[in-house]
Structure formats: C-alpha cells, structure tokens
Amino acid sequence: MTQEPQQRKWVRKQAAPLSDAAFTLLVQGVLDYGIFMLDPQGYIISWNAGAERIKGYKAEDILGQHFSVFYPPEDQASGKPQWELETAVAEGRLEDEGWRVRQDGSRFWANVVITALWDEEGVLQGFGKVTRDMSERRAAQHALTERRRLFDHLVQAQETERRRIAWDVHDDSIQAMVAVGMRLELLADRMPEPYAAELQRLDTSVREAIGRLRSLTFRLHPPGIDRHGLVEGLSSHLEDVVGSSWGMPYSFDHQLDREPPPETAITIFRIVQEALLNVHKHAHASRVDLSIKSADGGIVTHVRDDGTGAPMSQDGSRDHFGVIEMRERAETAGGWWSMHSRPGTGTTVEFWVPNPLPLPVPALTDEAP
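Quick caveat: nothing in here was measured; it's all calculated off a predicted structure.

Moving on to the overall build of the protein chain. A count of helices and strands for the protein chain gives 11 helices and nine strands. In the protein chain, once contacts between residues fewer than 6 apart in sequence are set aside, the share between residues at least 24 apart is 56%.

This is the structure in structure tokens:
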C-alpha cells in the first residue's frame, strides 16, 4: 500500500472546519465589515471590531439597543427598520443601500445585508447583519458623474459657440463678400483693359476667399451633426469632404454595440475631423482608413493613412495645434489619445473615450442633509 503524500495530508488537515471559537475570532477581527447579530425583535446581541470602526459604538455602549438607532430620523418615522426585518423573514435576506447614522450623529452611505437565521425546527433565532461603509465609493461615483455633467456642458457650450460663429460668418461675412464679388464683376465688364483684367483677378480672389469661408463654416458646424448618429455623421463627412472635395479613397469600418450620447458622439466626430484634416494637409497620403468599435466600456477609434509618416511632435510644435486639441478632447472626455508615425509606413491616430449610459436623474433622498 502506497503512502499518502505528505502535502496531501497537510491539505486535508488544513481543510478541517473551523471551531466555533476560531470562527468567532475571525468574525470579531474583521475591520472592513460591521458584522453583528440581532435577536428576533431587532435588538443587538453581538458586535465586532468592524462595526465599532464603522459606526463608532463600543460593544458595551450598543449591546441591548434596538438596531433602529442606526437609521436617520426620517427612516425611523417611516418604519423602515421594522419593514427590513419583515422582508428578511419573508424572503430570507434583504440588501439595501442608504444613509446610516454613527454614534456622533454623522451620516455615512452604507450597504446593508440582513439575513434571517432559523434553527433546525424552523424557529426564527434572530438576524445576521453585515454593514459596509460605501461613502468613499459613493463620493467617487458622484465625482465621476459631476465630471461627466461638466464635460457634457462644456461640449454643448463649444458646439453652441461654433454654431453661432458659423452662422455669423455665413450670414454676415460671406454675404458681404458675395456682394463685393458681384460689384467687381460688374465693374470688370465696364472698365477697359488693363483695369478689367485686374478687377477680374480681384473677383477671383474674393471667390476663393468665399470658398474658404464656406469650408470653414462647414468645419465649424457640419450639417446634421447634432441631429444624426455618430456613424451617419462620420459617413457623410467622409463622403462629402474626403471623397468628393479631396478626391481621396477611404474606408470606414464601424462596430458599435450602442449609439453613444450626443456629447460623446460630437467628441469623437471632432477628433476624427481634425485627424482627417491633418492627413489632408501634412501626410501626403493616397488613402485613409477609419474604424470605430466598442471596446472596454467605450469606443476606440483609429484613423490610418498611407502617407510619408514623417515624425510629428505631439507637443504642438511645427504649427500642429490640432494635435493638442485632439489629445485634450479625448482626455477631457475621460479617455486617451496617441499617434504612431513611422517614415514610409504612414501615421495612425488612435484614441478611446468612454461610452457611458445616460445619466440618472438625481433622487431627492440621495443627498445628506
């Protein structure tokens, strides 16, 4: 008969169940959770070190008191503590998050689990209660929510200002220059040479300036950017600008599991718009490929060209202010941005921004008085 390996003997020995005394020591020593027991009426009959740390009561000060002492006055008045015990009896357990009160009267946000405890004959012996202080997590969630609200307001303000400038340029500057061009054309028809030729050259310059201004208004506020989804907006931009105006072949691959909120869609659109403009101005590329797909709770985007791939500073030098703008837009949205360039192989702009769910409507009871 072979001898059982020594390691297996050790494992079997260690796997023996804890004694009641050892289990009590384990529960009493836990600091991150308040673990205590209630009798069937809700009076506290045990208390651990975690409960003392979270709630502030020493065992001798709290044992024998009703657990409703931990609830704010409004919850006590509404009968919430008794309702939670009744629910735990009916369903076996109850889990809740809400405000609780420490010994010094301060409030903290708690996650609470109450479990009904029955003996072998089905008689209720009391309740096990586990409390965890979630104040830091809740504060972090609120900070993240407020940051997103601020980001949304910032994007909306930027787009409103862009729209106003685009309308002002279109309705004022462009119309004035169109009128100037028409007068130059009339004068050119009436003037003898060489004045007529000079006026025609001026008229040509004015028309070119009008074209640049119209292109500027389109970049400031492309038609439909705030009315259509991200995919349609990018498709239209690629077709109208990259394909038709620049005559550059392109591809567009999109794999989104859901449409992003408007502020996120605008952020992605603006970064892609700037990246494509850099390709047109600096890359000497013959084609560009765009891809967007859902990844890691957000949307990752790649803009690839087959241009020269000349090294480009990412700190704004060489008059590439757009590089700074792209990075700042992505980082302000809570994401990241990078650019990979290698001579002879083109350049890739890559960025990721979160694709959050719609912000919840704040509940009136969620704020501490």
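Anyway, onward from the coordinates.
A cluster of nonpolar residues, Leu187, Met191 and Tyr195, forms a patch on the protein surface that exposes about 300 Å² of accessible area. Of note, tyrosine 195 is situated in helix α8 (residues 195–220). The class of tyrosine 195 is exposed, set by a relative accessible area of 52%.

Paired through backbone hydrogen bonds, the strands of a sheet run either parallel or antiparallel to each other. One open sheet holds the five strands; their spatial order is β5-β6-β7-β9-β8, and the pairing between them is mixed. A single partner strand is all that each edge strand has here, and the edge strands are β5 (250–255) and β8 (336–342). Neighbour-to-neighbour, the strand axes of this sheet turn through a mean angle of 10°, independent of strand direction. Bridge analysis of β8 against strand β9 (residues 346–354) gives seven bridges, and the strand direction is antiparallel. When the sheet's bridge partners are listed, serine 341 is paired in β9 with threonine 347. Each of β5 and β6 (288–295) touches helix α9 (residues 230–245); the most contacted strand, β5, lies at about 175° to it.

The next point concerns the pattern of salt bridges. For the structure on display, the rule yields 11 salt bridges. Two residues, aspartate 96 and lysine 80, come together in a salt bridge whose shortest N-O distance is 3.1 Å. Within this pair, whereas aspartate 96 is found in strand β2 (residues 93–101), its partner lysine 80 is found in helix α6 (residues 80–91), the two being separated by 16 residues in sequence. Taking the relative accessible area as the measure of exposure, aspartate 96 reaches 16% and is therefore buried. The class for lysine 80 is buried, based on a relative accessible area of 18%. Of the charged contacts, one joins arginine 102 and aspartate 133 as a salt bridge, the two residues approaching to 3.2 Å between their closest N and O atoms. With arginine 102 in the loop between β2 and β3 (107–118) and aspartate 133 in strand β4 (residues 124–133), the pair connects residues that are 31 residues apart, well separated along the chain. A cluster of three or more residues bridged by salt bridges with shared partners is formed by Lys80, Glu84, Asp96 and Arg100.

For the pair α9 and helix α10 (residues 262–283), the least separation of the axes is 10 Å and the interaxial angle reads 20°. One finds that α9 runs roughly parallel with respect to α10. α9 and α10 meet at a crossing whose hand is right-handed. Residues Leu230, Gly233, Leu234, His237, Leu238 and Val242 of α9 form the contact with α10, whose participating residues are Ala265, Ile268, Phe269, Val272, Gln273 and Leu276. Of the residues belonging to the contact of α9 with α10, the class tally is nine nonpolar, three polar and no charged.

So, how was this worked out
- Residues numbered from 1 in each chain as written.
- Predicted model: local features only at pLDDT ≥ 70, side-chain atom pairs only at ≥ 80, totals over all residues.
- Heavy atoms only, no water.
- Helix = DSSP H or I, 4+ residues; strand = E, 2+ residues; numbered from the N terminus.
- Contact = heavy atoms within 4.5 Å.
- Patch = residues over 30% accessible without salt bridge, like charges linked within 9 Å, V, L, I, M, F, W, Y side chains within 5 Å.
- Areas by Shrake-Rupley, 256 points an atom, 1.4 Å probe, with all protein chains shown as cover.
- Salt bridge = Lys/Arg side-chain N within 4 Å of Asp/Glu carboxyl O.
- Buried < 20%, exposed > 50% of the residue type's maximum accessible area, 1.4 Å probe, protein only.
- Pairing = 2+ DSSP bridges.
- Axes fitted to C-alpha atoms, helices over the stretch in contact; angles between N-to-C directions.
- Parallel < 35°, antiparallel > 145°, perpendicular 65-115°, else oblique.
- Left-handed = near helix turned anticlockwise from the far one by under 90°.
- Nonpolar A, V, L, I, M, F, W, Y, C, P; charged D, E, K, R; others polar.

Remember that the coordinates give geometry; whether it matters functionally is a separate question.
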